[in-house]
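Structural overview for review
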Amino acid sequence: MSTTTTRGVAETAAAETSPSRPRRGLRSNATLNFWLFTGPFLIGLVIFVFVPIGWSVWLSFFDARYTVTPSHFIGFDNYKQILTNSNFPDSLLTFTVFATFIVPTTWALSLGLALLVNQLRFMRAFFRSVFFLPTAVSYVAAALIWKMSLFTGVRFGLANTVLGWFGVDNIAYLSNPSPPWYWVVIVTLRLWIQSGFYMILFLAALQNIPAELYEAAEIDGAKRGWQTFRYITLPQLRATSTAVILLLLIAAYQAFDEFYNLITTKATWAQTPLMELYKAALGTNQDYGAGSAGAVILSLLICIVTLAQGKIMGFGRGEESK
Amino acid sequence: MSAMSNSNWSRRSIFRAAAGMAAAGTLAACGGNNGRGGGSGSGKNLVQYFHAYGEAGTEQAIKRYAKAYSKANVSTSWITGTNFEAKLFSSLLTKQAPDVFEFHPQLQLVKSGQVADLSDIIDPVKDDFNPADINSHTVDGKIYGIRMIDDPQFFYYRKSMLEKAKVEVPTTLDELLEAAAKLTTSKVKGVNLGNDFTPVQGNVIWSAGADTLDSKNQIAYHTDAVVQGIKQLRQLFSSGHVLLDAPTDWWDPSSLNQGLCAIQWGGLWSMPAMQKALGDDLGIFPFPKVGDNGKPSVTNGGWSMFVNAKGENVEAAKAYVKWLWIDQKKYQEDWALSYGFHIPPRSSIAAQATKLKSGLPAEAVKLFTDYGHFDNIAWDQTMITALNDVIASSVRKGGDPEAALDACDKKVNVELKKLFG
């Protein structure tokens, strides 16, 4: 105990003397510090985000087949082509429906997991890790596991083996779109890989709710369980929920990896907007003009949806203005 | 927290470590396997791109040939995965573009000036090549690629399974449907045409007596017989008698070898592996005719070598391509016959290919000769993708083939206008 006290005193003394010293070097130059820390990221942002966006907008007005430095200006023809003579509009519609389903589902599952883990008295760290671990798996690896082990169409796939015990014939989950079993594969994969991450966000938010609120509610006669959750927990999670929904929404429109590996590009269903742009610009067609036009449309759409969501849910607004 | 306090890490040591890693990264980028240089030859550095062939030993073979070339350092990028095209085309836009690459003849590559005219190196031996291969690489009298291998694709079948089910080898698409039904058991599916059916999309057209484009480069696939063929394919797809979602796709022999299906669409390259697994219990037949006026068909796939015309070493690349794919007949023979089987496009090499002279390989060569359909340089990737959509919409999803073909026509016509004005 005495050692601890001595060290504590010494540290306090040092802390007290520091303000009286003249501030020198980097510590004294706030502007330099700002650029030192943000500069590299800003440069990266400009080079890898803003320049490509600008280039993409420029390309979208040119005939850019097999080149990213075209010279033939064609106005809005690429926009017309991507909106009228491709599967891109269908993919936008499909993924609006997909987002409408997957966003609330993931939100509810993540929140449910966070509430369960938060309730635990023992092994909380263990279960937190168990639910979070899938986040570390890449979508590509997970897609291959889902496709080649769990949901193959042959008799030794896990899902078909289990169904076989009940006399159900083998199901081709991914090749056959009627009925659309492929959504089962996609949704289970996405929930498995995403929920743990958002659970951690909710868990952090739950642990930030002051215990006094619950105590006060109990004194006022609020029943534990649904009533407390409805009138205390949920409102306190509003900011986190808004951020989670925003991130989920963007992730839904930006889906690519698992769809590319599970459904492949040789389908007309479950093609994400990014897959359609990939097909237009890379891999096969090499039409960077049409692909860029689609990218501009998709970016605008994500901006509009994000702003609308912010307007509705109050993301970025100060607490006092809510 | 105590562990952190007792750690030897300080801000300075972390900074030094970070700086060291950055320096090491920079140095690593200067050397090592960066795709440039590193060969045994002297002079220029050349890079060649190959997609990953499935047969064991192919990667080592290509690297061995490159190492034997003395006039340039040739390094090989062996690109694994299913998106070789994406990696190739995106790299062609950069300064890291390959000097030499394998692909299929595509008119757009010629029109955009991406591939070099190889007429001067091919002309002296032009007559030794399969005329159809020369034709499929020719635009306005100039030859833009050298065929390395021809890969016919047809159906393989297990003789014992057909005998047990009392099924004859199908000669029409209707008979294939009946055969698939009779061959299907609780453990074995009748037929495997690939997980998405696109490998046979050209065959439905050819077997129905039509073609992708006609001699004037206009749409030739939209006929009543093709519509009928697509409807029959839909019947087959939804019958429950086809193998779908298999762990490996059509180009891999595993499904037939492991007894998951009785009939499988595949390529000649798989024949050695199938014969090793199944012995004499193996037969082949072409895609059967569709309708009364049809004719059986075989897809003649394959790969060709191209020189990047926008590269910095065009002449050196042409010299290497000439050395390997014109002069070195022993390597060409080794490449075509020592791993999977492929038909050498050069008559003089094919004539010496004893492995293809008898038995099942000889039958495959006969199918190739009698029923083969070669690449059409004007039928490009955009058009192939449009036809993929027809198979997806009307065969796999059960939509109206006429409507799907109408949508395909629109896309193909836009592409034809871009190519031919």
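Residues numbered from 1 in each chain as written. Chains lettered and ligands numbered in written order. Predicted model: local features only at pLDDT ≥ 70, side-chain atom pairs only at ≥ 80, totals over all residues. Heavy atoms only, no water.

**Some remarks on the interface of chain B and chain A**
Where we set the bar: For this analysis, residues touch if any pair of their heavy atoms sits within 4.5 Å. Simply put, the buried area is the total loss of 1.4 Å probe accessible area from both parts when two parts are fitted together. Counted as salt bridges are all cases of a side-chain nitrogen of Lys or Arg within 4 Å of a carboxyl oxygen of Asp or Glu. Contacts described as polar in this section are N or O atom pairs within 3.5 Å, which, within protein, must combine one atom able to donate a hydrogen with one able to accept it, while residues neighboring in sequence count only if both atoms come from side chains. Only DSSP runs of H or I reaching four residues or more are called helices, and only runs of E reaching two or more are called strands; each is numbered from the N terminus.
Contacts between the two partners involve 39 residues from chain B and, on the opposite side, 37 residues from chain A. Here chain B packs against chain A, burying approximately 3200 Å² in sum over the two surfaces, 51% of which is carbon and sulfur. Area buried by chain B at its contact with chain A is led by Leu93(B), Asp245(B) and Arg396(B), which between them contribute 20% of it. Here Asp380(B) makes a salt bridge to Arg65(A), at a shortest N to O gap of 3.8 Å. On inspection of chain B and its partner chain A, the count reaches 14 residue pairs in polar contact (both at pLDDT 80 or more). Looking at the side of chain B that touches chain A, the elements that each hand over two or more residues are helix 4 (84-92), helix 5 (107-111), helix 18 (381-396) and helix 19 (401-420) of chain B.

**Let's talk about the confidence of the model for chain B**
Residues and elements named next belong to chain B. Definition in use: pLDDT: the predictor's confidence for each residue, scored from 0 to 100.
Confidence along chain B averages 90 in pLDDT terms, with 90% of residues attaining 70 or more. Ignoring residues within four places in sequence, the model shows residues 1-15, a span with pLDDT below 50, making four contacts including any to other chains. Low confidence marks residues 17-40, where pLDDT is under 50. Its contacts with residues over four positions away, or in another chain, come to 17 contacts.

**Section: a negative patch on the surface**
The following threshold applies: Patch definition: residues with relative accessible area over 30% and no salt bridge; like charges joined within 9 Å; nonpolar side chains (Val, Leu, Ile, Met, Phe, Trp, Tyr) joined within 5 Å. Residue-level accessible areas treat just the shown protein chains as cover; the underlying method is Shrake-Rupley with a 1.4 Å probe. Counting rule for charge: Lys and Arg are taken as positive, Asp and Glu as negative, and neither His nor the chain ends is counted. Charge positions come from single atoms, namely NZ of Lys, CZ of Arg, CG of Asp or CD of Glu.
A cluster of acidic side chains, namely Glu168(B), Asp174(B), Glu175(B) and Glu178(B), defines a negative patch on the protein surface. On the secondary structure map, Glu178(B) appears in helix 9 (residues 173-183).

**Regarding the side chain of Asp150(B)**
Residues and elements named next belong to chain B. Inspection of the secondary structure assignment puts aspartate 150 in strand 6 (residues 146-157). A distance of 3.1 Å separates polar atoms of two side chains, one belonging to aspartate 150 and the other to arginine 147. The contacts of aspartate 150, once residues within four sequence positions are left out, are Asn130, Asp133, Gly301, Gly302, His342, Ile343, Pro345, Phe368 and Phe374.

**A short note on empty space enclosed by the protein**
Quick reminder of the rule: Whether a set of points on the 1 Å grid over the protein atoms alone is a cavity depends on a 1.4 Å probe fitting there but being unable to get out, while an open set qualifies as a pocket with protein on both sides within 12 Å along at least five of seven lines; lining residues are those with an atom within 4 Å of a point. Grid points are joined across faces, edges and corners, and a volume is the space filled by probe spheres set on the points.
One pass over the full model with this rule turns up five cavities of 30 Å³ or more. In this structure, the largest cavity occupies an estimated 310 Å³ of space. Around the largest cavity, the lining is made up of 21 residues, and of these Gln81(A), Asn85(A), Ser86(A), Asn285(A) and Thr382(B) lie nearest the centre. Listing elements by their share of the lining of the largest cavity, those giving two or more residues are helix 4 (77-84) and helix 14 (273-281) of chain A together with helix 18 and helix 19 of chain B.

**Here we look at the layout of surface pockets**
Residue and element names in this part refer to chain A. The line we're drawing: Each residue is assigned to one of three groups, with Ala, Val, Leu, Ile, Met, Phe, Trp, Tyr, Cys and Pro labelled nonpolar, Asp, Glu, Lys and Arg labelled charged, and all others, Gly among them, labelled polar.
By volume, the second largest pocket amounts to about 880 Å³. Lining the second largest pocket are 29 residues, and of these Pro52, Ile53, Ser56, Ser292 and Ala295 lie nearest its centre. Of all elements in the fold, only helix 3 (30-59), helix 14 and helix 15 (288-313) reach the threshold of two or more residues within the lining of the second largest pocket. If one sorts the elements of the lining of the second largest pocket by residue count, helix 15 sits on top with nine residues. Taken together, the residues that form the lining of the second largest pocket break down as 22 nonpolar, seven polar and no charged.

**Re the pattern of salt bridges**
This is how it is decided: To sort residues, take the accessible area from a 1.4 Å probe on protein chains only and compare it with the maximum for the residue type: under 20% means buried, over 50% means exposed, and anything in between is partly exposed.
A full pass over the atoms with the stated rule returns 17 salt bridges over all chains. Salt-bridge contacts for Arg190(A) lead to Glu258(A); the nearest nitrogen and oxygen are separated by 2.6 Å. On the criterion of sequence distance, the pair formed by Arg190(A) in helix 9 (residues 182-207) and Glu258(A) in helix 13 (residues 257-262) is long-range, its members being 68 residues apart. Here the two residues Arg190(A) and Glu258(A) agree in accessibility, since each one is buried. Here the residues in one salt-bridge network are Asp133(B), Arg147(B), Asp150(B) and Asp375(B), joined through shared partners.

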